[in-house]
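A look at the structure
Here is what each chain is made of, one letter per residue.
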Amino acid sequence: MAEEVKEQVKDLMKATVLMRHPQQVQEIIRSLRKGGPHRLQVISDFDMTLTRFGFNGKRCPTSYNILDNSKLISEDCQKKLKDLLHYYYPIEIDPNRTVKEKFPLMVEWYSKVPSILQKKLFRWTKAHNLLCQQKIQKYQIAQIVRDSDAMLREGYETFFNTLYRSNVPLLIFSAGIGDILEEIIRQMNVFHPNIHVVSNYMDFDESGYLQGFKGQLIHTYNKNSSVLDDSKYFEQLQAKTNILLLGDSMGDLTMADGVSSVGNILKIGFLNDKVEERRERYLDSYDIVLEKDETLDVVNGILTHILCEDDQAGMQES
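What you are looking at is a predicted structure, and each value in this text was computed from that prediction instead of being measured.

So, the overall build of the protein chain
Across its full length, the protein chain holds 13 helices and 13 strands. Within the protein chain, contacts between residues at least 6 apart in sequence are counted, and of these 69% link residues at least 24 apart.

Considering the environment of Leu-307
On the secondary structure map, Leu-307 appears in the loop between α12 (297-306) and α13 (309-317). Relative accessible area serves as the criterion here: at 4%, Leu-307 is assigned to the buried category. Once the C-alpha coordinates of Leu-307 and Leu-32 are considered, the two residues, 275 residues apart in sequence, prove to be 8.6 Å apart.

Digging into the pattern of salt bridges
One pass over the structure, following the stated rule, counts 12 salt bridges. Between Arg-30 and Glu-27 there is a salt bridge whose closest N-O contact spans 3.0 Å. Highlighted residues: Arg-30 and Glu-27, both in helix α2 (residues 22-35), separated by three residues, approximately one helical turn. In this structure Arg-30 comes out as partly exposed when scored by relative accessible area, which is 32%. On the accessibility criterion, Glu-27 (37% relative accessible area) is partly exposed. Its salt-bridge partner being Lys-58, residue Asp-149 comes within 3.8 Å of it at the nearest N-O pair. Of this pair, Asp-149 sits in the loop between α7 (141-146) and α8 (156-165) while Lys-58 is found in strand β4 (residues 58-59), placing the two residues 91 residues apart along the sequence. A residue is classified by how much of its surface remains accessible, and Lys-58, at 54% relative accessible area, is exposed. Among the charged side chains, a network of salt bridges with common partners joins Lys-14, Asp-293 and Asp-297.

Comments concerning α2
Compared with the 20 Å implied by 1.5 Å per residue over 14 residues, the 20 Å span of α2 between its first and last C-alpha is a close match. Those residues of α2 that sit buried are Val-25, Gln-26, Ile-28, Ile-29, Leu-32 and Arg-33. Projected onto a plane normal to the axis of α2, the buried residues spread over an arc of 165° and lie on a single side. Two residues or fewer past α2, Gly-36 is found with a positive phi of approximately 65°.

Some details on empty space enclosed by the protein
A full pass over the atoms with the stated rule returns two cavities of 30 Å³ or more. Taken as a whole, the largest cavity encloses approximately 40 Å³ of empty space. Lining the largest cavity, in full, are Gln-41, Phe-234, Leu-237, Gln-238, Lys-240, Val-259, Ser-260 and Ser-261. Among the residues forming the lining of the largest cavity, the class breakdown is three nonpolar, four polar and one charged.

Overview of the sheet that holds strand β1 (residues 17-18)
Taken together, seven strands build an open sheet; the order of strands is β1-β13-β12-β11-β2-β7-β8 and the sheet is mixed. Two strands in the sheet have a free side with no partner beyond their single neighbour: β1 and β8 (195-200). Sitting on the sheet, helix α11 (residues 275-285) touches β1, β12 (264-271) and β13 (288-291), and the angle it makes with β12 is about 180°.

Observations concerning the packing of α2 against α12
At a minimum axis separation of 8 Å, α2 and α12 run at an interaxial angle of 50°. When the axes of α2 and α12 are compared, the pair comes out oblique. When α2 is examined against α12, the residues Ile-29, Leu-32 and Arg-33 are found in contact with a partner set consisting of Ile-302, His-305 and Ile-306. Grouping the constituent residues of the contact of α2 with α12 by class yields four nonpolar, one polar and one charged.

A short note on the packing of α8 against α12
Between α8 and α12, the shortest axis-to-axis distance is 9 Å and the interhelical angle comes to 25°. The angle between α8 and α12 falls in the class roughly parallel. As α8 runs across α12, the sense of the crossing is left-handed. The residues of α12 that touch α8, namely those facing Thr-158, Phe-159 and Leu-163, are Val-299, Asn-300 and Leu-303. Residue composition of the contact of α8 with α12, grouped by class: four nonpolar, two polar and no charged.

Parameters at a glance
Residues numbered from 1 in each chain as written. Predicted model: local features only at pLDDT ≥ 70, side-chain atom pairs only at ≥ 80, totals over all residues. Heavy atoms only, no water. Helix = DSSP H or I, 4+ residues; strand = E, 2+ residues; numbered from the N terminus. Contact = heavy atoms within 4.5 Å. Buried < 20%, exposed > 50% of the residue type's maximum accessible area, 1.4 Å probe, protein only. Salt bridge = Lys/Arg side-chain N within 4 Å of Asp/Glu carboxyl O. Expected span 1.5 Å × (residues − 1). Arc of directions from axis to C-beta. 1 Å grid on protein atoms, 1.4 Å probe; cavity = no way out; pocket = protein on both sides within 12 Å on 5 of 7 lines; lining within 4 Å. Points joined across faces, edges and corners; volume = space filled by probe spheres on them. Nonpolar A, V, L, I, M, F, W, Y, C, P; charged D, E, K, R; others polar. Pairing = 2+ DSSP bridges. Axes fitted to C-alpha atoms, helices over the stretch in contact; angles between N-to-C directions. Parallel < 35°, antiparallel > 145°, perpendicular 65-115°, else oblique. Left-handed = near helix turned anticlockwise from the far one by under 90°.

Set out below in structure tokens:
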């Protein structure tokens, strides 16, 4: 990469940063900077992208895990949920299977029991169906999150606050549980008005008990325009043709498919697990790969450069 960009985005020199085509990355970053905040939008996955994969040698929970591991969930239910996870997660990240092969298996993991409740059709998942048997109440969600080991990546305050301050829209596109992830962000005091979330949301009955999940199931391999109920979201952002995309799986690469006109897109992938097996595929798919990096340092460094905040800081100091 040219010394100019390396010098200005020093975090790109971290040992965790891998790039297949550094010259191309340089050109994209230069174009994003030229467009500035008025042309930029950020589209990001949540679990294991904005949240940590691990801490002190221990896996951090996803939004599903937070609910699965709650004291409100019976031991029998927890065991069944873990059995599902241990069977299907290796399939989800298997580098030797194609997305076409994985797709029906992900749907099988997530969806099995269709049911009609209060005149609405819900496609329940195996995991969802188990959770709905636990009599979870809406008011308990906040406490479930407070009692959990949920952790956003180091540098999250800078990330969320920088985007808000610069009026850059942030779309969080998640196959997790929307109610949980929103509560995590709120409790970290960074849920700003520029955030829009597309995820699996719980549906509670009139008494406040979980009875199902709303709308179409979102899983790892259908994160694209086909599950965007609010198609007007991208329509109102037509001027935002530059995209910073953040993900941790192959399924996250299609999150920007709903953007009608893409000027420049920089794809940053967090390679958290099965590193040796998946490194080459990630390098082929993402512009920048962050290998076992539990921070948002690189993302924040690029944002600071794109939004010219480094120039503004320099002007204030002089």
